[in-house]
Structure formats: C-alpha cells, structure tokens
Amino acid sequence: MKKYLLELLSVLLAIVLLPSCSKDFDSNAPYADVTIVYGVLDADQSTNYIKIYRGFLTEGDAYQAATIYDSLYYFDKIKVELEEYVANRLTHTWELDTTTQIPREDGDFTTKQLLYVVPQSINESATYKLVITNKETGRVVRATTNIVGRFVLNLLPGSPLNCIATTYSQLSFSLPDNGASYQVYQVFHYIERSKSTGIEVRKSFRRQLISGNLTSNVNVQYVPATLYNAIASNVEEDPSVDRYITVDSCIQFEIWAVNEPMKYYVIANSTTGSVVTDRLSYTNVECEDGHTAGIFASRRYATSWHGMQPLSQEELKSGSTTGHLGFHTAAEYLQLHGY
C-alpha cells in the first residue's frame, strides 16, 4: 500500500534544501561544512531511507545550484552508521550503504537522489542514533530518535458508511507510544474508465478531516456529507470517462502520528504569516560546530477501509453536488465486469 506523506507529513514531508540560509551566498565568505539530514523512520516499512546532504557556497542563486547533483552529496567522504539501543543498551550497529534506486511510490523521496538504506526493519521498542563521520576532517554529526509505536482506529460508525448524514459522526484511535502529534485524513478512491478505449485508471484524493494537529484528543468528529463537496472540488468534469467506486474500499481513513522531534520540526517549518521573521528551522541534528539542519525522527499511520451505503452511492451518482461528474454505483461496476 502506498504510504502518503501527510500534508503535515506534506509539510510533513517536504524536504527543505537550505532551511536557514539566504537564497544568495557571498562567494567570499569562509567555507563551513553544513550537514543536512532528512530521515523519518517508520516501523511498518520494510525499508527506510535517510537523506544526507550538505550546504555549500556558490555565486548567485543557491536553489538553482542545489539541483546540481555533485554539489549536494558527500559521496564516499563520510561514513554513516546507525546504532540501535534497547533499554539504553547498544544492540546493533549498521554501516549504511547508499542507493539511487527507490520505488517512486515511497513518496518522501524521488529517484536520482542519493539515499542511505537502513538494512533492517525498525524495532518500535528501540532508540536509534545516527552517527555521520567525515573521513577527511573527523567531524562527527549525531541525531537520535525514538520510534512511534503501533496504534489502531478503534471506532467507526459501521460499514458501509452513510455519507449523506449531515450530523456529526465520530471516529477514535488509540494513542501510540512516543506519539506527540496527530493528523486525520479521509481518502476517496475511484476508478476512471475511458469510454473510447475501456482503459481503467485508479485515482484518489485526500482531505484533512480536522484543521491543525491533535496532541492528545483521540476522538474526532466530522460531518459525513461534506465528502460530496470535497469530491466536487477535487474531481474535474470529464465527459470522455465513466467513474466507478468499488463495493467495500472507496473510502479510507488515515491517522498519522509523529514523535516529538518531528512535531517541533513541522511547527518550525510551517508558514507563520510574518514577512519579517526568518524561517529558522528546528533540528535535532547535532554537531559541536552547530553547522547542521534537518530532522531525524519517526512516524506511523493507522488506516481503515470502507464502502458507501446504496443511498449514498445514488447521491454520488445523481445528486446536485456530484451528479455531473459521471459516477456510477459499485453494483454497476460489478455488472460491467460480469459479476
């Protein structure tokens, strides 16, 4: 299943190339080795990746220079180790290898980036320390994170869902170990079928059910009928396609949890609305010279899949809000494929 980066985890998850530097550099300024880390560990992922790159001096636009592959990375100049501690005891140490080949659906990163691969699954009971040693200078950069524990969605008002309800519905979730901030999303999945070719494409969009982040309240209220407005806002009218939903998996709820370092990183990198305040990033990446930026943290998500009740499907197909978008019911999709 594709792991999405929260729009938290979309701010969550945007990689800030030079979080506390101005756009233009003084090419005569003294050189400083600035190490930037982006690593968010997830115990549910079979493979985790960590990006490590560097700040640099350049003439003109630093953001343009940052697109030059050789300018970003240390390559073989650094040794990267990941230490695992359980009950304050060192249990494993791995020297991380690099890769430029990662699945595009992993979300946080794209191909052609040099990433360090965590070779083992993450132990949710452990604490992890990242140790980066510059082989040429002996400079050492460190970062530490605990791991967000497992959690579940506890309560939903039955499935299939009554999406035409205009009164509040409620869902809840358990609090995971080391969770510090939470965001709640609803994802709508549908199928587009070309009228001319019959080719089917699966699509989706997501919306945040509550604004901002939860810190302790595990009960979330929302109005189910607002889904139709969200569909109308996110799906464009297209007379060349028919659209369908499936019986039991067209609506997905997601609860994303992050630990305390990620919480503060997101807050620090969110827009403040001020035109005079420098965007100074929080970081838990440490070095004696202070020349570091980025984040080493953890996150996790819980999910639940649901269908729509027949009357809710008819509203999607023929209602005033979404009736022009060419949707059909789940039963019509089954009939189309001979079920």
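Structural data are supplied above this passage.
Here the structure is a predicted model, which means the values were calculated and not measured.

Cut-offs applied
- Residues numbered from 1 in each chain as written.
- Predicted model: local features only at pLDDT ≥ 70, side-chain atom pairs only at ≥ 80, totals over all residues.
- Heavy atoms only, no water.
- Helix = DSSP H or I, 4+ residues; strand = E, 2+ residues; numbered from the N terminus.
- Buried < 20%, exposed > 50% of the residue type's maximum accessible area, 1.4 Å probe, protein only.
- Arc of directions from axis to C-beta.
- Pairing = 2+ DSSP bridges.
- Salt bridge = Lys/Arg side-chain N within 4 Å of Asp/Glu carboxyl O.
- Polar contact = N/O pair within 3.5 Å; in protein donor to acceptor, adjacent residues only side chain to side chain.

Asker: I'd like a rundown of unusual backbone geometry, residues and numbers included.
Answerer: The backbone of Phe75 shows a phi angle near 55 degrees, a positive value even though the residue is not glycine. With respect to the helices and strands, Phe75 occurs in the loop between α3 (69-72) and β3 (78-86). A relative accessible area of 32% means that Phe75 is categorised as partly exposed. Notably, Asn178 is not glycine yet its phi reads approximately 70 degrees, a positive angle. Relative to the helices and strands, Asn178 is located in the loop between β10 (169-173) and β11 (181-194). For Asn178, a relative accessible area of 34% puts it in the partly exposed group.

Asker: Outline helix α5 (residues 260-269), supporting the account with residue identities and numerical values.
Answerer: Among all positions of α5, only Pro261, Met262, Tyr265, Val266 and Asn269 are buried. Burial along α5 is one-sided: seen end-on, the buried residues are contained in an arc of 130 degrees.

Asker: With reference to specific residues and values, describe the sheet that holds β3.
Answerer: Read from one edge of the open sheet, five strands run β4-β3-β7-β8-β16, paired in antiparallel fashion. Two strands close off the open sheet at either side, each with one partner strand: β4 (89-95) and β16 (285-286). Direction of pairing for strand β8 (residues 140-145) relative to β16: antiparallel, over a ladder of two bridges. Of the residues in β16, the one forming a bridge with Arg142 is Glu286.

Asker: Run through the pattern of salt bridges, naming residues and quoting values.
Answerer: Summed over the entire model, instances satisfying the criterion amount to eleven salt bridges. Two residues, Arg300 and Glu124, come together in a salt bridge whose shortest N-O distance is 2.7 Å. One end of the pair, Arg300, is in strand β17 (residues 292-306); the other, Glu124, is in the loop between β6 (115-118) and β7 (127-134), with 176 residues separating them in the sequence. Glu124 sits in the partly exposed class, given a relative accessible area of 31%.

Asker: Account for the environment of Asp289, with residues named and values stated.
Answerer: Structurally, Asp289 is set in the loop between β16 and β17. Put simply, Asp289 and Asp33 are 256 residues apart on the chain and 9.3 Å apart in space, counted from C-alpha to C-alpha. In this structure the side chain of Asp289 is engaged in a polar contact, spanning 2.6 Å, whose partner is the side chain of Arg139.

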